[in-house]
Amino acid sequence: MAHHGPIPLLFETGKSGRARRYVAPMGDAAAELPSEVLRTRLPLPEHSELDVVRHFTRLSQRTFGIDTNFYPLGSCTMKYNPRVNDTLANLPGFRELHPYTPDRYAQGALLVMERLERALSSLFGMAAFTLNPAAGAHGELTALLIARAAFAARGEGEQRTTVIVPDTAHGTNPASAAMLGYRVVSLPSNERGRVSLAALREIVGPTTAVCMMTNPNTLGLFEDEIRAIADTVHAAGGLMYYDGANANALMGNARPGEMGFDLMHLNLHKTFSIPHGGGGAGAGPVGVAASLVPYLPTPVVERTTDGLRLAFDRPQSIGPMRSFWSNFAHMVRALAYVEANGIEGLTRVSQLAVLNANYLRVLLRDVLEVPYDEPCRHEFVASAQRLKKEHGVRALDLAKALLDRGYHAPTMYFPLLVPECLMIEPTETESKETLDAFVEAFCEVIALAQRDPQRLFDAPECTVVGRVDETKAAREPDLRWRER
Ligand SMILES: *Cc1c(COP(=O)(O)O)cnc(C)c1O
């Protein structure tokens, strides 16, 4: 049975004397602790175990995720996470490994890191990867620090002050550059939804440090002039950075190293099937061309005559970006994914991701505008501009109505280039039946928008929480419980 309305907190429902212990407490713990760390009052709620089990089970039933529903959130690659990856990450030898274990006793874990690093390097055409960064944005920051160190070594540290970012870029790109004090220059797209080479030639120059690009870009389109773009930036002495957060169209089909990129990051928690969302642990490895290897963060895994070791003695390194080995369990999951698929399997993953996106694009273009309507890669962008003009229904309203039908909303209002946009990424792990059912639900929502728009303004009606005030939720989040 579904339970509607908010579930009260355990703090709000406890009753004194309710907690029953099955196991008697061991001695007087307080006597063992220094008095200055003891609290005189600790208002914890008292419950029976059964009430607590029910509370958390109900909460878990309200979770909306890839394990329960289709989640076509563009630029996020919400694909199925094979359970065997978790089983392997939970092997006691991996799970219980202490971060201070001497290299000699951690050879298996170091081998995981070395094999993953080698696999990513060959898949994406880079000389080496660091597995240090803990998220995509953290990878961007790492890569820009590497670029900055390389310019400083060339004596151009003062001169290279700008970072070029296309207007379709993910928001983290300009944010990462600004965080390091770079001036961000926006690069306009052309009428084909791609970087304008003519505009780039006007912008690029002796102050250019890095040009950050996404390819396929966030419209799902392949930048077919990428070699000319890279040549232009290189001729000015700048470096090319590849935002590979969404590499699901690329694996086995194209390599950023061959497109002229010097640096890149990957999101293992998108392309490499690691569970993500809710701000959980991520992994954003950074790949570099040969000339940038000396600047990689420490530690790096090194092969010696005595086996593998973590090397910290690297004088040109930008230093550690994360404590210890970073999110090691994710490295196990990603390696499991790479080895289970093999290069043929990963190539097929990418091809199916592209096929599924195009299947949806062609079915949905009958009911929604698709502004750049040509074969896309792993995702595409549709627009509700016509519906807004004719019926006052926005992309947001369509997204809310999809929730009522059991689908997570597509990404909305990104990229900024397309008004009232919805960015749809089905991934390769969905069946044709799921995609067909999604199209049917989408068509139903659009028919409703034309017939009775008010129903959409009130959506969602069937979810636990109805329409929320999005601005208030973003500007004044109140997530803390306070004792009354
Ligand atoms: C998700 C994403 C990022 C940021 O990755 P995080 O792990 O969320 O920091 C950067 N660029 C693109 C294109 C993305 O889709």
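Since the structure is predicted, the reported quantities are computational estimates derived from the model, not experimental observations.

## Digging into the nonpolar core
Side chains of a nonpolar character, in soluble globular proteins, are inclined to be buried together.
In step 1: Ranked by size, the top nonpolar core spans 54 residues in total, and within it Leu120, Phe124, Met240, Phe272 and Phe328 carry the most contacts.
In step 2: Core analysis: the second largest hydrophobic core is formed by 31 residues, Val393, Leu398, Ala401 and Val439 among them.

## Focus: the sheet that holds strand S11 (residues 411-412)
In step 1: Pairing in this open sheet of three strands is antiparallel, and the strands run S10-S12-S11 from one edge to the other. With partners counted over all chains shown, the strands left at the sheet margins are strand S10 (380-383) and S11, one partner each.
In step 2: Looking at chain direction, S10 and strand S12 (residues 421-424) are connected through four bridges and run antiparallel. In the strand pairing of S12, Phe380 is matched with Ile424.

## Notes on the pairing of strand S4 (residues 208-213)
In step 1: Of all six residues in S4, six are buried, a share of seventy percent or more.
In step 2: One crossover worth recording links S4 to the parallel strand S5 (residues 239-244) by way of helix H10 (residues 226-235), and it is right-handed.

## So, the site of the ligand
In step 1: In the vicinity of the ligand there are 13 residues, among which Ser75, Gly136, Asp243, His269 and Lys270 approach most closely.
In step 2: One nitrogen or oxygen atom from the main chain of Gly136 is found 2.8 Å from an oxygen atom belonging to the ligand.
In step 3: Contact between the ligand and His269: an oxygen atom at 2.7 Å from a side-chain N or O atom of the residue.
In step 4: Broken down by class, the residue content of the shell around the ligand amounts to three nonpolar, seven polar and three charged.

## Concerning the pairing of S12
In step 1: Burial along S12 is two-sided: the face carrying Cys421 and Met423 and the face carrying Leu422 and Ile424 are both buried.
In step 2: For S11 and S12, the ladder comprises two bridges, and the chain directions are antiparallel. Bridged to Met412 within S12 is Leu422.

## Regarding the domain arrangement of the protein
In step 1: Splitting the protein by domain gives domain 1 (10-61), domain 2 (83-340) and domain 3 (350-475).
In step 2: Between domain 2 and domain 3, the C-alpha centre-to-centre distance is 31 Å.
In step 3: The interface of domain 2 with domain 3 comprises 24 residues on the first partner and 21 residues on the second.
In step 4: Overall, the association of domain 2 and domain 3 removes approximately 1600 Å² of surface from exposure, summing both partners, and the carbon and sulfur fraction of that is 56%.
In step 5: Considering only the surface of domain 2 that becomes buried against domain 3, Thr218, Leu219 and Asn248 emerge as the three largest contributors, covering 33% of it.
In step 6: Between Glu374 and Arg194 there is a salt bridge, with its nearest N and O atoms 2.9 Å apart.
In step 7: The interface formed by domain 2 and domain 3 holds five residue pairs in polar contact (both at pLDDT 80 or more) in total.

## Regarding the sheet that holds strand S6 (residues 263-266)
In step 1: Spatially, S1-S7-S6-S5-S4-S2-S3 is the arrangement adopted by the seven strands of the open sheet, whose pairing is mixed. Both outer strands of the open sheet, strand S1 (128-130) and strand S3 (183-187), are each paired with one neighbouring strand and no more. Geometrically, the sheet is characterised by an average inter-axis angle of 25° between neighbouring strands, direction not taken into account.
In step 2: When S4 meets S5, the two strands line up parallel, connected through four bridges. The partner of Val210 across the bridge, within S5, is Leu239.

Conventions adopted
Residues numbered from 1 in each chain as written. Predicted model: local features only at pLDDT ≥ 70, side-chain atom pairs only at ≥ 80, totals over all residues. Heavy atoms only, no water. Core = buried A, V, L, I, M, F, W, Y, C linked by side-chain atoms within 4.5 Å. Buried < 20%, exposed > 50% of the residue type's maximum accessible area, 1.4 Å probe, protein only. Pairing = 2+ DSSP bridges. Helix = DSSP H or I, 4+ residues; strand = E, 2+ residues; numbered from the N terminus. Right-handed = clockwise from strand over helix to strand, strands pointing away. Near = heavy atom within 4 Å. Polar contact = N/O pair within 3.5 Å; in protein donor to acceptor, adjacent residues only side chain to side chain. Nonpolar A, V, L, I, M, F, W, Y, C, P; charged D, E, K, R; others polar. Domains from an automatic or database assignment. Contact = heavy atoms within 4.5 Å. Buried area = accessible area lost by both parts, 1.4 Å probe. Salt bridge = Lys/Arg side-chain N within 4 Å of Asp/Glu carboxyl O. Axes fitted to C-alpha atoms, helices over the stretch in contact; angles between N-to-C directions.

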